[in-house]
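Examination of the molecular architecture
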2 protein chains.
Amino acid sequence: MKALQDKIRQEGIVLSDTVLKVDSFLNHQVDPQLMYEIGLTFAAAYADAGVTKVLTLESSGIAPAVMTALALKVPLVFARKQKSLTLRDDLYIEQVYSFTKQVASEVAISRKFLSPGEKVLIIDDFLAYGEAAFGMARIVEAAGASVAGIGIVIEKSFQEGASKLREAGYRVDSLARITALSPEGIAFAE
Amino acid sequence: MKALQDKIRQEGIVLSDTVLKVDSFLNHQVDPQLMYEIGLTFAAAYADAGVTKVLTLESSGIAPAVMTALALKVPLVFARKQKSLTLRDDLYIEQVYSFTKQVASEVAISRKFLSPGEKVLIIDDFLAYGEAAFGMARIVEAAGASVAGIGIVIEKSFQEGASKLREAGYRVDSLARITALSPEGIAFAE
């Protein structure tokens, strides 16, 4: 997606060879028009996939995911991250480890909002090691629903998440695929 | 806003005389078309207010706020809630107390994304005691910016937040104003 690549080139800040900061348009400040175009792009890619629900993880996934859900005319559910949960009976819960923060979180969705037979499009802002995407996929499958695909705004292709997800049989669509980060610049696939 | 009142009547769950659960369309599952209409409604109300930025608080404020920002053609910034922050130099930070959770959080915004002279529309999903709205307003003013107004999806008018904010001189626009919650039903203002 060219508008996204351009934005990353203009505003992305390379903090190290693995960390890219995009808090001016995605993670903290948000460019709503770009999110709208991202939503249209994911919706076009999944127009014939029979998607019944979009799923993301709070907080940074919500803006691109709600635009995708708007374009697909289906509800969005955002999973909640919590350190530990006391009321668990009515929730699907999975552990997700963050390599960036080096902490495991529980990710939870109310059982009310995911039903057997649903086709779920998972949306997330970043894909690195794939922990969050795998966690959401396990929740979808625990509910007896299926994963239509995984839509990623920015894939760090030099980390293993995308290849692991594809090896596990998931369709992965990333709008920007970064192959290398360096002080000299950001390299994209294709 | 009639579509919102109807949705609250149809899907809102009254848990007590102070607690209304709307997790089927706003707080956990999200109705994107309703969020879009909410965005258009806030944008129409503030069309002539010179708004330069929309501000909300993660996570439940993001969906209505990003739609408002889209309609106003301005950026969104979402403040982050954190228990305690170590890197503080480049942040505006305010304490916000949650009466619901009985816990104080720090709410933070990067100094990069709020500049003197900006006119900020604050959006939040709920208004009860006004703690989150006052916290965001203090951040806006600490940055030398001004609060154009406070747009609330659901105001619990029987709690003191709305009147305190208005007494403090803020413009408050609430799309649904609830005057009473009971097992028999939900009463709206007007």
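Residues numbered from 1 in each chain as written. Chains lettered and ligands numbered in written order. Predicted model: local features only at pLDDT ≥ 70, side-chain atom pairs only at ≥ 80, totals over all residues. Heavy atoms only, no water.

As a reminder of what qualifies: UniProt positions are given in the numbering used here, feature names are shortened, and annotations may be inferred rather than shown by experiment.
As annotated in an unreviewed UniProt entry, chain A is Xanthine phosphoribosyltransferase from Paenibacillus protaetiae. The annotation that UniProt attaches to chain A under Pathway (unreviewed entry) is "Purine metabolism; XMP biosynthesis via salvage pathway; XMP from xanthine: step 1/1." Per its UniProt entry, chain A bears the Subunit (unreviewed entry) comment "Homodimer."

With respect to unusual backbone geometry
Peptide bonds are trans in most cases, and residues, glycine excluded, mostly fall at negative phi. All names here are of chain A. As a reminder, the rule being used: Going along the chain from the N terminus, every DSSP run of H or I of four or more residues is numbered as a helix, and every run of E of two or more is numbered as a strand.
The step from E58 to S59 runs through a cis peptide bond, and the omega angle for that step is -10°. Relative to the elements of secondary structure, S59 occurs in the loop between strand 4 (53-57) and helix 3 (62-72). Backbone geometry at K73 places phi at a positive 60°, although glycine is not the residue there. Of note, K73 is situated in the loop between helix 3 and strand 5 (76-82).

Quick notes on the packing of aromatic side chains
Two measures describe an aromatic ring pair: the distance that separates the ring centres and the angle between the ring planes. Residues and elements named next belong to chain A. What counts is decided by this rule: Each aromatic pair joins two rings of Phe, Tyr and Trp (for Trp, the six-membered one) with centres within 6.5 Å, and gets the label stacked for planes under 30 degrees apart, edge-to-face for over 60, and tilted for any other angle. To sort residues, take the accessible area from a 1.4 Å probe on protein chains only and compare it with the maximum for the residue type: under 20% means buried, over 50% means exposed, and anything in between is partly exposed.
Under the criterion given, the structure shown has six aromatic pairs over all chains. Both rings, one in F99 and one in Y129, keep their centres 4.2 Å apart while their planes meet at 40°; by these two values the pair is tilted. Pair noted here: F99 is in the loop between strand 6 (91-98) and strand 7 (103-110) and Y129 is in the loop between strand 8 (119-127) and helix 4 (131-142), with a separation of 30 residues, a long-range link. Residue Y129 is classed as partly exposed on the basis of its relative accessible area, which comes to 28%. Between F134 and Y170 the ring centres are 6.2 Å apart and the planes differ by 75°, which places this aromatic pair in the edge-to-face class. Of this pair, F134 sits in helix 4 while Y170 sits in the loop between helix 5 (161-167) and strand 10 (172-182), placing them 36 residues apart in sequence.

Some details on the interface of chain A and chain B
For clarity, the threshold we go by: Contacts are residue-level and defined by heavy atoms, with any inter-residue pair within 4.5 Å sufficient. Accessible-area loss on putting two parts together, using a 1.4 Å probe and summing over both, is the definition of buried area adopted here. Salt bridges are defined as contacts in which a side-chain nitrogen from Lys or Arg sits within 4 Å of a carboxyl oxygen from Asp or Glu. Think of a polar contact as two N or O atoms within 3.5 Å of one another; within protein, one of them needs to be a possible hydrogen donor and the other a possible acceptor, and neighboring residues in sequence only count if both atoms come from side chains.
On the side of chain B, 34 residues touch chain A, which itself brings 34 residues to the contact. For chain A, the biggest contributors to the area lost against chain B are H28, Q29 and L70 of chain A; these three give 24% of the whole. A salt bridge links D23 of chain B to K112 of chain A, with the shortest nitrogen-to-oxygen separation between them at 3.2 Å. Across the chain A-chain B interface, the total number found is 17 residue pairs in polar contact (both at pLDDT 80 or more). Where the side of chain A that touches chain B is concerned, the elements lending two or more residues are strand 3 (29-30), helix 2 (32-45), helix 3, strand 5 and strand 7 of chain A.

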